[in-house]
Amino acid sequence: MSTEQAMEPGVGGPLVAEDLAVGFDGRTVLDGAGLAVRSGQLLAVTGPSGAGKTTLLWALAGLRAADSGTVTFGGEPVQERDGAVRLGIVVVPQGNALATVLTASENVVVPLLAAGVTSEQARVAAAAALESVGLGHSGHQLIEELSGGQQQRVAVARGLAQLGALSGPRVLLADEPTSELDAVNRARIVQLLRDAAIAGATVVMATHDPEAAAACDGELHLDAGVPHWVRPLPVLDDGAALA
Ligand SMILES: Nc1ncnc2c1ncn2[C@@H]1O[C@H](COP(=O)(O)OP(=O)(O)OP(=O)(O)O)[C@@H](O)[C@H]1O
């Protein structure tokens with residue numbers, strides 16, 4: 001039996017980027033990034049401001065076309081955002097991208113409804129996701145009534161709820177999800193990302209936080225778009241090649 005056949009339900013093949021390059025206005029901002037992240041693994045992408053972390057995550061999410069190189073998940077090409085959504089690739093974007101005129105709960109519910117979840121299931125899932133980020137009592141509040149850190153936790157809750165609605169292989173790409181948080185909440189969010197990985201997701205987090213990076217299974221550092229493995233991800237026993 002092949003490794004793919006032996007996998008648990010919901011566990012897919014690796015998220016693989018090979019030799020990714022992205023430029024803007026003739027300037028290279030991502031230069032030959034490669035990685036292979038398996039279900040159950042949590043990868044930190046680090047580097048100074050402007051190093052290319054968001055650019056890499058957007059390329060992994062199908063939000064940014066690379067000038068060269070490829071992204072695949074479970075062997076399927078990740079080319080555009082629609083296709084990435086179909087493959088189960090969820091994004092927690094930098095800046096949160098919440099609808100300020102909606103409540104915290106509505107911000108979590110809306111993408112679940114769009115994904116075909118029933119309204120009752122979406123309501124229950126949103127409540128659970130908000131509870132998990134410590135906002136169980138804030139679901140009724142408008143986003144504009146919440147602090148920056150609370151808004152960031154709503155965005156994480158939304159991503160986790162989207163992930164939880166998927167039954168197949170899934171990826172969570174979180175772009176600096178702890179940047180606005182105190183130490184307790186930073187640790188809480190990193191643990192939730194770890195829990196998502198334990199539940200079978202492939203998780204990549206861009207971060208400036210050394211403690212968050214240290215809690216991951218590996219760390220890929222970008223310096224002016226040039227990747228360097230500070231800690232390579234462990235090679236799993238099926239021998240999947242890691243860049
Ligand atoms: N749409 C764009 N047009 C032109 N340049 C861009 C665009 N998006 C990003 N860049 C440039 O690409 C480089 C990498 O940006 P990116 O957002 O990936 O960095 P980052 O490592 O995520 O930074 P930060 O930690 O500040 O979020 C920067 O120099 C940025 O100015």
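All values derive from a computational prediction rather than experimental measurement.

Chemist: What exactly am I supposed to notice about the overall build of the protein chain here?
Modeler: Helix and strand content of the protein chain: eight helices and ten strands. Relative to the globule expectation of 18 Å for 243 residues, the C-alpha radius of gyration of the protein chain, 17 Å, shows essentially globular dimensions. Referenced to the eigenvectors of the C-alpha coordinate spread, the extents of the protein chain come out at roughly 45 × 45 × 30 Å. Counting only residues that meet the buried cut, the protein chain has 47% of its 243 residues in that class. A separation threshold of at least 6 residues defines the contact pool for the protein chain, and within that pool the share at least 24 residues apart is 67%.

Chemist: Could you clarify how one ought to interpret the pairing of strand E7 (residues 171-175) in this entry?
Modeler: Two faces, one strand: in a regular strand the side chains alternate between the faces of the sheet. Most of E7 is tucked away: five of the five residues are buried. Alternating positions in E7 separate into two faces, Val171, Leu173 and Asp175 on one and Leu172 and Ala174 on the other, with burial throughout. Note: strand E6 (residues 89-92) against E7, four bridges, orientation parallel. Bridged to Val90 within E7 is Leu172. In the sheet, E7 pairs with strand E8 (residues 202-206) via five bridges, with the strands oriented parallel. Within the sheet, the bridge partner assigned to Asp175 lies in E8 and is Ala206. In this fold, the crossover linking E7 to E8 by way of helix H7 (residues 183-198) has right-handed handedness.

Chemist: Would you mind going over the nonpolar core with me for this structure?
Modeler: It is characteristic of soluble globular proteins that their nonpolar side chains tend to be buried jointly. Of all hydrophobic cores here, the largest spans 74 residues; its most connected members are Leu60 and Leu193. Formed jointly, this core draws a minimum of three residues from each of two domains, domain 1 (13-88 + 169-232) and domain 2 (99-167).

Chemist: Hey, could you run me through the sheet that holds strand E9 (residues 218-223) in this one?
Modeler: Backbone-to-backbone hydrogen bonds join strands into a sheet, with any given pair of strands oriented parallel or antiparallel. The mixed open sheet is built from six strands, whose spatial order is E6-E7-E8-E3-E9-E10. Among the strands making up the open sheet, the edge pair consists of E6 and strand E10 (226-231). Here the strands of the sheet are splayed against their neighbours by 20° on average, with no regard to which way each runs. Against the sheet, helix H2 (residues 53-60) touches strand E3 (42-46), E7, E8 and E9, its axis set at about 155° to E8. Contacting E6 and E7, helix H6 (residues 148-164) runs over the sheet at an angle of about 170° to E6.

Chemist: Can you help me understand the environment of Ala122 in this one?
Modeler: With respect to the helices and strands, Ala122 occurs in helix H5 (residues 119-132). Overall, the presence of 23 C-beta atoms within 10 Å leaves Ala122 in the buried class. Along the primary structure Ala122 and Ala161 are separated by 39 residues, whereas in three dimensions their C-alpha atoms are 8.5 Å apart. Excluding anything up to four places from it in sequence, Ala122 contacts Val109, Leu112, Leu113 and Val117.

Chemist: What is the right way to look at the domain arrangement of the protein chain in this model?
Modeler: Interface extent is often summarised as the accessible area lost during association of the parts. When cut into domains, the protein chain gives domain 1 (13-88 + 169-232) and domain 2 (99-167). Taking only C-alpha atoms, the centre of domain 1 and the centre of domain 2 are 22 Å apart. Taken together, the contact between domain 1 and domain 2 spans 14 residues of the former and twelve residues of the latter. Taken together, the elements giving at least two residues each to the side of domain 1 that touches domain 2 come down to E7 and H7. If one sorts the elements of the side of domain 1 that touches domain 2 by residue count, H7 sits on top with five residues. Residue classes in the side of domain 1 that touches domain 2 are distributed as eight nonpolar, two polar and four charged.

Chemist: Teacher, can you tell me more about the confidence of the model for the protein chain here?
Modeler: Detail in the predicted coordinates should be disregarded across regions flagged by low pLDDT. Summing up the model confidence of the protein chain, the mean pLDDT is 92 and the portion of residues at 70 or higher is 92%. Segment residues 1-7: pLDDT under 50, and three contacts once partners within four positions in sequence are set aside and those in other chains are kept. Confidence over residues 239-243 falls short of pLDDT 50; this stretch has 13 contacts with residues more than four positions distant or in other chains. Here the complex is predicted with pTM 0.93, and the ipTM for its interfaces comes to 0.97.

Chemist: Sorry, what's going on with the sheet that holds strand E2 (residues 27-37) here?
Modeler: Spatial strand order, E2-E1-E4-E5: four strands in an open sheet with antiparallel pairing. Lying at the two open borders of the sheet, with one neighbouring strand each, are E2 and strand E5 (76-77). By the bridge criterion, five bridges tie strand E1 (residues 15-24) to strand E4 (residues 68-73) in an arrangement that is antiparallel. Note that in E4 the partner of Ala17 across the bridge is Val71. Strands in contact with H2 are E1, E2 and E4; relative to E1, the strand with the most contacts, it is inclined by about 125°.

Criteria and thresholds
Residues numbered from 1 in each chain as written. Predicted model: local features only at pLDDT ≥ 70, side-chain atom pairs only at ≥ 80, totals over all residues. Helix = DSSP H or I, 4+ residues; strand = E, 2+ residues; numbered from the N terminus. Rg over C-alpha atoms; globule rule 2.2 N^0.38 Å. Buried ≥ 20, exposed ≤ 12 C-beta atoms within 10 Å, placed from the backbone. Contact = placed C-beta atoms within 7 Å. Pairing = 2+ DSSP bridges. Right-handed = clockwise from strand over helix to strand, strands pointing away. Core = buried A, V, L, I, M, F, W, Y, C linked by C-beta atoms within 7 Å. Domains from an automatic or database assignment. Axes fitted to C-alpha atoms, helices over the stretch in contact; angles between N-to-C directions. Nonpolar A, V, L, I, M, F, W, Y, C, P; charged D, E, K, R; others polar. pLDDT = per-residue confidence, 0-100.

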